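Survey of secondary and tertiary structure
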Amino acid sequence: MPPEVLAQAADEMLDWPDAQGKRCGMGVMEMSHRGKQFQSIYEQAEADAREVLGVPPEFCILFMQGGGLAENAILPLNLAKMGMADFVLSGSWSEKSFNEAQKYCDAQVAASGKADRYTTVVPPTQWQLRKHASYVHVCSNETIHGVEFQQLPDLKALGSDAELVIDFSSHVASRAVDWGRVGLAFGGAQKNLGPAGVTLVVVRKDLLGHALPICPSAFNYQLVAQNQSMYNTPPTFAIYMLGLVLQWVKRQGGVAAMESRAVQRAQLIYDTIDSSSLYYNPVDKNWRSRMNIPFFLRDTSLDAAFLAGANERGLLQLKGHKSVGGMRASMYNAMPMEGALTLADYLREFEKSHA
Ligand SMILES: Cc1ncc(COP(=O)(O)O)c(C=O)c1O
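Residues numbered from 1 in each chain as written. Predicted model: local features only at pLDDT ≥ 70, side-chain atom pairs only at ≥ 80, totals over all residues. Heavy atoms only, no water.

**Describing the sheet that holds strand 1 (residues 59-64)**
- Within the open sheet, the seven strands sit side by side as 1-9-8-7-4-2-3. Their pairing is mixed. With partners counted over all chains shown, the strands left at the sheet margins are strand 1 and strand 3 (106-112), one partner each. Sheet twist, expressed as the average angle between the axes of neighbouring strands with direction ignored, equals 20 degrees.
- Pairing of strand 2 (residues 84-89) with strand 3, which is carried by six bridges, proceeds in the parallel orientation. Bridging from a neighbouring strand, F87 pairs with V109 of strand 3.
- Together, strand 1, strand 4 (135-139), strand 7 (163-167), strand 8 (184-188) and strand 9 (199-204) form the strand contacts of helix 3 (residues 67-79), whose direction differs from that of strand 8 by roughly 155 degrees. (Pairing = 2+ DSSP bridges. Helix = DSSP H or I, 4+ residues; strand = E, 2+ residues; numbered from the N terminus. Axes fitted to C-alpha atoms, helices over the stretch in contact; angles between N-to-C directions. Contact = heavy atoms within 4.5 Å.)

**With respect to the packing of helix 7 (residues 254-274) against helix 9 (residues 337-353)**
- Relative to each other, helix 7 and helix 9 sit at 5 degrees, their axes nearing to 9 Å. Compared by their axis directions, helix 7 and helix 9 come out roughly parallel. In this structure, helix 7 uses Q264, R265, L268, I269, T272 and I273 to contact helix 9, whose residues at the interface are M337, A340, L341, L343, A344, L347 and R348.
- Tallied by class, the residues present in the contact of helix 7 with helix 9 amount to nine nonpolar, two polar and two charged. (Parallel < 35°, antiparallel > 145°, perpendicular 65-115°, else oblique. Nonpolar A, V, L, I, M, F, W, Y, C, P; charged D, E, K, R; others polar.)

**A look at the side chain of S92**
- Relative to the elements of secondary structure, S92 occurs in helix 4 (residues 92-101).
- With sequence-adjacent residues up to four places away left out, S92 is seen in contact with Y118, E142, I144, H145 and S323.

And the structure:
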């Protein structure tokens, strides 16, 4: 979270001020979601999401609950009108999406990078896409394996009429989305957009209204859209925080500024790792993530000392995900360049002292 957003939330916690600075006598957590105060917070957050992410008018923006994992079920329940969905497996998250969707539709793997331990992605021209699939699911940034699509696949050019669905949870608002190629995008807010508890769904309007009869009403995209994401009580505080983060992104210069910072941070860390003989990153250079950089020490007996030294310097949460081990530097939008510089210095220093 950007510190100035946290400071603003702290200032407004007990008594929220409106756009004119007039305090209303209650905090956001105490507001009715149907009252005029929260209504204005919601409308501003939605407008800012549209502006920051460049969402065209033919798409609607939904704020849902359940996180990315719930969307793995909600998606086939809403979109698998032909009963079929194809999946591109590029890491743990797309694998989870595929496993969940199998419960609700005929899900099939169009391509899998598993044999390469998810260090690369099968090129789109080699994907086995089915003619009647309703959608093709791609995780555009694999948070655990550190694999990121540098551009979204053009399904039409690949001869497919399916809709492209992207899970952009862990790199949303760090690069522009080519909405012309996308039918639906979803992401939990908790990396680049705010705290956990709200899931952003951006869906083209013509895809609404095809839910299976067993789809729970609260997860029916059309009902959620018709009710301005208030079919049931929305996660009001998380939406408010997401709104503050989006305003911060705008003040910084928008997604273009976020992207250029991400490129600089990632370049520095990859260069440091690639020029070292102690660390390595196994991911194909064409698919390396700017947000999540997994790396390993060639001598794993040094892992504990590396992490202890990092903690002493305030470099926190560097331990890799338990499923892959090693280390992972997750550098989301709010990470200042100084964070990346401190990490690069520490990487070099630790290597020198263990040469
Ligand atoms: C790319 C991606 N998809 C889905 C998820 C799951 O999100 P949630 O924990 O909000 O269900 C995560 C969580 O880290 C993620 O990184």
